[in-house]
Amino acid sequence: GIAGGWVFAHSGAQQEFSPLVQGLIRDGSPFEDSALHLAISAAIGASFGVLFQRDVRGLGSCMGWGLAYGMLWWFIGPLTLLPLSNGQALDWSADFAAQQFGLLVGHVFFGLLMGLVYAAVDRMWVAFFFESDPLLREREGTGARTLLSLSWGGIAGLAGGLVYTLPMLDTGILPYVAGIVGGTSPWLGWFVHLVLSVVIGTIYGALFSREASNAGSAVAWGLVYGLVWWFLGQLTLFPLFTGQPYSWSIGEAGTSLPSMIGHLVYGVTTALVFLMLERRHGEEITTTSRTRSRSKEVADGTPAPALCVLALGLGVLLPILLG
């Protein structure tokens, strides 16, 4: 929570969030405001750990839970608790929510980082205290498995990038993509797009190895991953790489909606191709008893899958409805 809160504090959303936090401490110094913000972030992170400690399976799934949990706290915090604590009337109108859209993006990044850090710490804990048992070791080494996942992800990302080329040609955005490297040629833009697709695909391979057990779950993770990169790539990194300031406004999100469809298509294609390559490897995966019990609990009806659907639905629908 503290890691996510630190990133949030240095993002564009902080310009909208600072007045809300400052209202909680009258005449508070900047240090006190920052300390309060990190304390709130730590409390949210602690509640995430209590609620989802038995749902964590890997970096990708925990990132998905964190994304959804961050969105949930956009409703609880900026739209509900903070206005009430500042003596303002409760306002759940579309107009007020549209004004707070930048905070939604900030909460998305907060949740993503919170989930990734939590999963990384959890994985280290398992490595130190469980996988050291010779009886629980897997047939394939971690290094070999990681290299395979990265290569599969790169191939899958290339396939997703080729499919994503179709909406990019229709919207005429390829010359703008070339602006990342200082060019204007559509062919250069297409090459840059494919390179980025491979890089993003390798990240998917690192995060979502062994996460999808069938095509349906792969589609779900692919949609979530595509949505993440719409927030991270289209709304944030792409403007920065082309020399423009990024804007987390509802207007900018509305303008970028065609790109969202492309990102979702890219995510689904990447996830399905990755699953195909992973299955083709023909490895009989041997997991630890701890991982098996967690997978069973997730399948038996914990809130984690529902929260993932909530994140996907809100991430897609809110920019459309509020715009």
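Here we summarise the structure given alongside this text. (Residues numbered from 1 in each chain as written. Predicted model: local features only at pLDDT ≥ 70, side-chain atom pairs only at ≥ 80, totals over all residues. Heavy atoms only, no water.)

### A few points about the overall build of the protein
Short version of the rule: Only runs of H or I of at least four residues qualify as helices and only runs of E of at least two qualify as strands under DSSP, and these elements are numbered from the N terminus. Accessibility here uses a 1.4 Å probe with only protein chains present; expressed as a share of the type maximum, an area under 20% marks a residue as buried, one over 50% as exposed, and anything in between as partly exposed. Should any heavy atoms of two residues lie within 4.5 Å, those residues are counted as being in contact. Note on areas: Shrake-Rupley, 1.4 Å probe, and residue coverage restricted to the protein chains presented here.
For the protein, the helix and strand inventory stands at 14 helices and zero strands. When the helices and strands of the protein are placed in sequence order, the string is α-α-α-α-α-α-α-α-α-α-α-α-α-α. Out of the 323 residues in the protein, the part that is buried amounts to 45%. Restricting the contact set of the protein to residue pairs at least 6 apart, pairs at least 24 apart contribute 78%. Carbon and sulfur atoms provide 68% of the accessible area of the protein, an area that totals close to 15600 Å².

### A closer look at the packing of helix H3 (residues 30-52) against helix H4 (residues 59-85)
In plain terms, the rule: Fitted lines through C-alpha atoms serve as axes, helices being fitted only where they are in contact, and the angles separating the N-to-C directions of these axes extend from 0 to 180 degrees. By the definition adopted for this analysis, an angle is roughly parallel if under 35 degrees, roughly antiparallel if over 145, roughly perpendicular if from 65 to 115, and oblique otherwise. Two helices that cross are described as forming a left-handed crossing if the nearer one is turned anticlockwise from the farther one by less than a right angle, and a right-handed crossing if clockwise. Classification convention: Asp, Glu, Lys, Arg as charged; Ala, Val, Leu, Ile, Met, Phe, Trp, Tyr, Cys, Pro as nonpolar; all other residues, Gly among them, as polar.
Interhelical geometry of H3 versus H4 gives an angle of 125° and a closest axis separation of 11 Å. The pairing of H3 with H4 is recorded here as oblique in orientation. Pair H3 / H4 crosses with right-handed handedness. Note on element contacts: H4 touches H3 through Cys62, Trp65, Gly66, Tyr69 and Trp73, opposite Ile44, Ser47, Phe48, Leu51 and Phe52. Across the contact of H3 with H4, the residue classes tally to eight nonpolar, two polar and no charged.

### Considering the packing of aromatic side chains
Selection criterion: Stacked, tilted and edge-to-face are the three classes assigned to paired rings of Phe, Tyr and Trp, where Trp is represented by its six-membered ring and a pair needs centres within 6.5 Å; plane angles under 30 degrees give stacked, over 60 edge-to-face, the rest tilted.
With the rule as written, the count across this model stands at 18 aromatic pairs. Considering the side-chain rings of Phe208 and Tyr225, the 5.7 Å spacing of their centres and the 80° angle between planes classify their relative orientation as edge-to-face. Pair noted here: Phe208 is in helix H9 (residues 186-208) and Tyr225 is in helix H10 (residues 215-241), with a separation of 17 residues, a long-range link. Tyr225 gets classed as buried once you look at its relative accessible area, which sits at 1%.

### Let's talk about the nonpolar core
Heads up, the condition is: Think of a nonpolar core as a cluster: buried Ala, Val, Leu, Ile, Met, Phe, Trp, Tyr and Cys residues, connected wherever their side-chain atoms sit within 4.5 Å.
Counting 69 residues, the largest nonpolar core has Leu67, Met71, Trp74, Tyr225, Leu227, Phe231 and Leu322 as its most contacted members. Looking at this core element by element, the count peaks at eleven residues for H10. Residue contacts for Leu227: discarding those within four places in its chain leaves Met260, Leu264, Ala311, Leu312, Gly315 and Val316.

### Some words on the side chain of Thr270
Tracing the sequence through the fold places Thr270 in helix H12 (residues 257-280). Looking at Thr270, the relative accessible area reads 0%, which means it is buried. With near-sequence residues (within four places) excluded, Thr270 lies in contact with Ala156, Gly157, Gly160, Gly201 and Tyr204.

### Here's the deal with the environment of Cys62
Considering the arrangement of structural elements, one finds Cys62 in helix H4. Owing to a relative accessible area of 0%, Cys62 belongs among the buried residues under this scheme. Non-local contacts of Cys62, meaning those with residues more than four positions away in its chain, are made with Phe48, Val56, Gly115, Tyr118 and Ala119.

None of this, on its own, says anything about what the molecule does.
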